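# Residue-level structure breakdown
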Amino acid sequence: MDEHTQYIARLFRYDDWANREVLASLRKTETLPEKSMRLIEHIIGTEFTWLARLQGERATLAVWPQLGLDECAAQLDELSVLWGSYLPSLDRAALDRIVRYVNSKGETFESRCNDILTHVVIHSGYHRGQIAANLRAEGEETPNTDFIHAVRQNKIDPPS
């Protein structure tokens, strides 16, 4: 795995950790906020969708699935395995390749693999921020899912 691919894999380890932190936070709420639940489900659904597009396959999960907390946990486990298998297979040429896909509105696009991978992590972070805002508005505690926090706490790098 080249240096850039290692960096992308590191971002996905962060993404996995942060998604699990949010899910754990949702499990602790007295009343599960519907908006927040829909957003964590969407994060999971879109990650499956993008991975399928990258592999030239059909997505196994809707972009806005209805899962529930336990199924979210199971799907995050599966995503961790799938991304963990897919990312190490990429070299510089694979990261630069053009991926053709049709979005959920039926529109056809072409994007570089590397740009799609970057989008996946940023998209998830965006929605985790929305979940945090929703939870705060409900008076709930929110997890610190900042990237630098994860690094400082040794949450994403394998032990040396």
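Higher on the page you've got the structure.
Values in this document were obtained by computation on a predicted structure and should not be read as measured data. (Residues numbered from 1 in each chain as written. Predicted model: local features only at pLDDT ≥ 70, side-chain atom pairs only at ≥ 80, totals over all residues. Heavy atoms only, no water.)

### Observations regarding the overall build of the protein
Summing up its helical and strand segments, the protein has six helices and two strands in all. If you list the helices and strands of the protein from N to C, you get α-α-α-α-β-β-α-α. Along the three orthogonal principal directions, the C-alpha set of the protein runs to about 45 × 45 × 25 Å. When the 160 residues of the protein are sorted by exposure, 43% land in the buried category. Expressed as a percentage of contacts within the protein between residues at least 6 apart in sequence, the contacts between residues at least 24 apart total 71%. Of the roughly 9,000 Å² of accessible surface on the protein, a fraction of 48% belongs to carbon and sulfur atoms. Taking the 18 positively charged and 24 negatively charged side chains of the protein as two groups, their mean positions are separated by 3 Å. (Helix = DSSP H or I, 4+ residues; strand = E, 2+ residues; numbered from the N terminus. Buried < 20%, exposed > 50% of the residue type's maximum accessible area, 1.4 Å probe, protein only. Contact = heavy atoms within 4.5 Å. Areas by Shrake-Rupley, 256 points an atom, 1.4 Å probe, with all protein chains shown as cover. Lys, Arg positive; Asp, Glu negative; His and termini not counted. Charge placed at Lys NZ, Arg CZ, Asp CG, Glu CD.)

### Observations regarding the pairing of strand β1 (residues 98-102)
Only one face of β1 is covered, namely the one carrying V99 and Y101; the face carrying I98, R100 and V102 has none of its residues buried. Inspection of the sheet shows β1 paired to strand β2 (residues 108-112) by five bridges, in the antiparallel sense. Across the sheet, the residue bridging to V99 is S111, located in β2. (Pairing = 2+ DSSP bridges.)

### Topic: helix α3 (residues 69-86)
Between its terminal C-alpha atoms α3 stretches 25 Å, which fits the 26 Å expected from 18 residues at 1.5 Å a residue. The inward-facing, buried residues of α3 contact α1 (3-27), α2 (34-54) and α5 (113-137). (Expected span 1.5 Å × (residues − 1).)

### Structural notes on unusual backbone geometry
Of note, the phi angle at N154 is positive, near 55 degrees, even though the residue is not glycine. We classify N154 as exposed; its relative accessible area is 61%.

### Describing the pattern of salt bridges
Side chains that differ in charge, positive against negative, can pair when their charged atoms come close. Following the criterion strictly, the structure yields 10 salt bridges and no others. Taking the shortest distance from any N to any O, the salt bridge between R38 and E41 comes out at 3.2 Å. Here E41 and R38 lie together in helix α2, a separation of three residues that amounts to about one turn. Relative accessible area serves as the criterion here: at 25%, R38 is assigned to the partly exposed category. The partner of R112 in a salt bridge is D115, and the shortest N-O contact between them spans 3.3 Å. On the accessibility criterion, R112 (28% relative accessible area) is partly exposed. Take D115: its relative accessible area is 40%, and that puts it in the partly exposed class. (Salt bridge = Lys/Arg side-chain N within 4 Å of Asp/Glu carboxyl O.)

### Digging into the side chain of T46
On the secondary structure map, T46 appears in helix α2. Within the structure, T46 has its side chain in polar contact with the backbone oxygen of I43 (distance 3.1 Å). Setting aside its immediate chain neighbours within four residues, T46 contacts V63 and H123. (Polar contact = N/O pair within 3.5 Å; in protein donor to acceptor, adjacent residues only side chain to side chain.)

### Thoughts on the nonpolar core
By size, the foremost hydrophobic cluster in this structure holds 36 residues, and its most contacted members are I40, I44, W83, Y86, L87 and L117. Elements with a minimum of two residues in this core: α1, α2, α3, α4 (92-96), β1 and α5. Ranked by the residues each element gives to this core, the list is headed by α2, at nine residues. Contact partners of I40, with chain neighbours within four places excluded, come to N19, V22, L26, C72 and I131. With five residues, the next largest nonpolar core counts Y14, W17, A18 and I156 among its residues. (Core = buried A, V, L, I, M, F, W, Y, C linked by side-chain atoms within 4.5 Å.)

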